[in-house]
Amino acid sequence: MSKKNKEEVIEEQVEQPTVETQELTVEEQLQAELKQEKDKFLRLFAEFENYKKRTSKERVELFKTASQDVMVSLLPVLDDFERALSHIEDDKEAEELRKGVNLIYQKLLSTLEHKGLAALSVIQGDVFNADHHEAITQIPAPTDDLKGKIIDVVEKGYKLGEKVIRFPKVVIGQ
């Protein structure tokens, strides 16, 4: 072979592996792009699933507290009934009136409880907790053991489901 032919053969041998190398790199690039797209797809799918879970949870929560505005507006009516019942108890002549008002009060209360309303129980002597009670005022404690504790409940607290819609208003000892 002549020198020129040897160089051509060498060049052809050198060119062939570079073509195969280029084809492998193109295939590797396609594999990498496919892997990237699969990863994007999985992330997008997971994000969508999280969105569905979050919106369904918010929807359930909305249904639980959908009647919150109505309940809050009816709480003063319950308070008025309780005040009326406490004043009627003193009047012995109004026995029939007391029975009627008590019947209406119990019916209203049971209807609201059926819809998820529950009174928060607070009694005299409980420890005051700012997270669960609303302090109206502080007065000197009648005894030392009532310092920092609830002396009187001015207004009941209520919760709708698990959400507190009105904190109990209390007087605490100082």
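Before any of the text, the structure's been laid out above.
Below or above, wherever it landed, is the structure these notes cover. Keep in mind that this is a model prediction, so the values were computed, not measured.

As for helix 2 (residues 68–90)
Reasoning step 1: The terminal C-alpha atoms of helix 2, which comprises 23 residues, lie 34 Å apart, in line with the 33 Å expected from a rise of 1.5 Å per residue.
Reasoning step 2: Its axis deflected by about 30° at leucine 74, helix 2 carries its strongest bend there, up to four residues before the proline proline 76.
Reasoning step 3: For helix 2, the set of buried residues is Gln68, Met71, Leu75, Leu78, Asp79, Phe81, Leu85 and Ile88.
Reasoning step 4: For helix 2, the secondary structure elements touched by its buried residues are helix 3 (95–114), strand 1 (117–120), strand 3 (150–155), strand 4 (157–160) and strand 5 (163–166).

Brief notes about the packing of aromatic side chains
Reasoning step 1: Applying the stated criterion across every chain, the model contains three aromatic pairs.
Reasoning step 2: The interplanar angle of 25° and the centroid separation of 6.3 Å between the aromatic rings of phenylalanine 41 and phenylalanine 45 together place this pair among those described as stacked. Residue phenylalanine 41 and its partner phenylalanine 45 are located together in helix 1 (residues 3–64), separated by four residues, close to a single helical turn.

Overview of the sheet that holds strand 3
Reasoning step 1: Taken in spatial order, the three strands make up an open sheet running 2-6-3, and their pairing is mixed. The strands lining the two open edges of the sheet, one partner per strand, are strand 2 (134–139) and strand 3. Neighbour-to-neighbour, the strand axes of the sheet open up by a mean angle of 25°, direction not taken into account.
Reasoning step 2: Taken together, the five bridges between strand 2 and strand 6 (residues 169–173) define a ladder with parallel strand orientation.

Some remarks on the environment of leucine 85
Reasoning step 1: On the secondary structure map, leucine 85 appears in helix 2.
Reasoning step 2: Overall, leucine 85 belongs to the buried group, its relative accessible area being 11%.
Reasoning step 3: Leucine 85 sits 17 residues away from asparagine 102 along the chain, and the two C-alpha atoms are 6.9 Å apart.
Reasoning step 4: With residues near it in sequence (within four places) discarded, leucine 85 still touches Arg98, Val101, Asn102 and Tyr105.

A look at helix 3
Reasoning step 1: Taking 1.5 Å of rise per residue, 20 residues should cover 28 Å, and helix 3 covers 28 Å from first to last C-alpha, within 8% of that figure.
Reasoning step 2: Looking only at helix 3, the buried set comprises Arg98, Val101, Tyr105, Leu109 and Leu112. Looking straight down helix 3, one finds that the buried residues subtend no more than 75° of arc, so they occupy a single side. Opposite the buried face of helix 3, by more than 90 degrees, sit the exposed residues Glu96, Leu103, Lys107 and His114.
Reasoning step 3: Looking one or two places after helix 3, you find glycine 116, whose phi comes out positive at around 110°.

So, how was this worked out
- Residues numbered from 1 in each chain as written.
- Predicted model: local features only at pLDDT ≥ 70, side-chain atom pairs only at ≥ 80, totals over all residues.
- Heavy atoms only, no water.
- Helix = DSSP H or I, 4+ residues; strand = E, 2+ residues; numbered from the N terminus.
- Expected span 1.5 Å × (residues − 1).
- Bend = angle between axes of the 7 residues up to and from the residue.
- Buried < 20%, exposed > 50% of the residue type's maximum accessible area, 1.4 Å probe, protein only.
- Contact = heavy atoms within 4.5 Å.
- Phe/Tyr/Trp six-rings, centres within 6.5 Å; stacked < 30°, edge-to-face > 60°.
- Pairing = 2+ DSSP bridges.
- Axes fitted to C-alpha atoms, helices over the stretch in contact; angles between N-to-C directions.
- Arc of directions from axis to C-beta.

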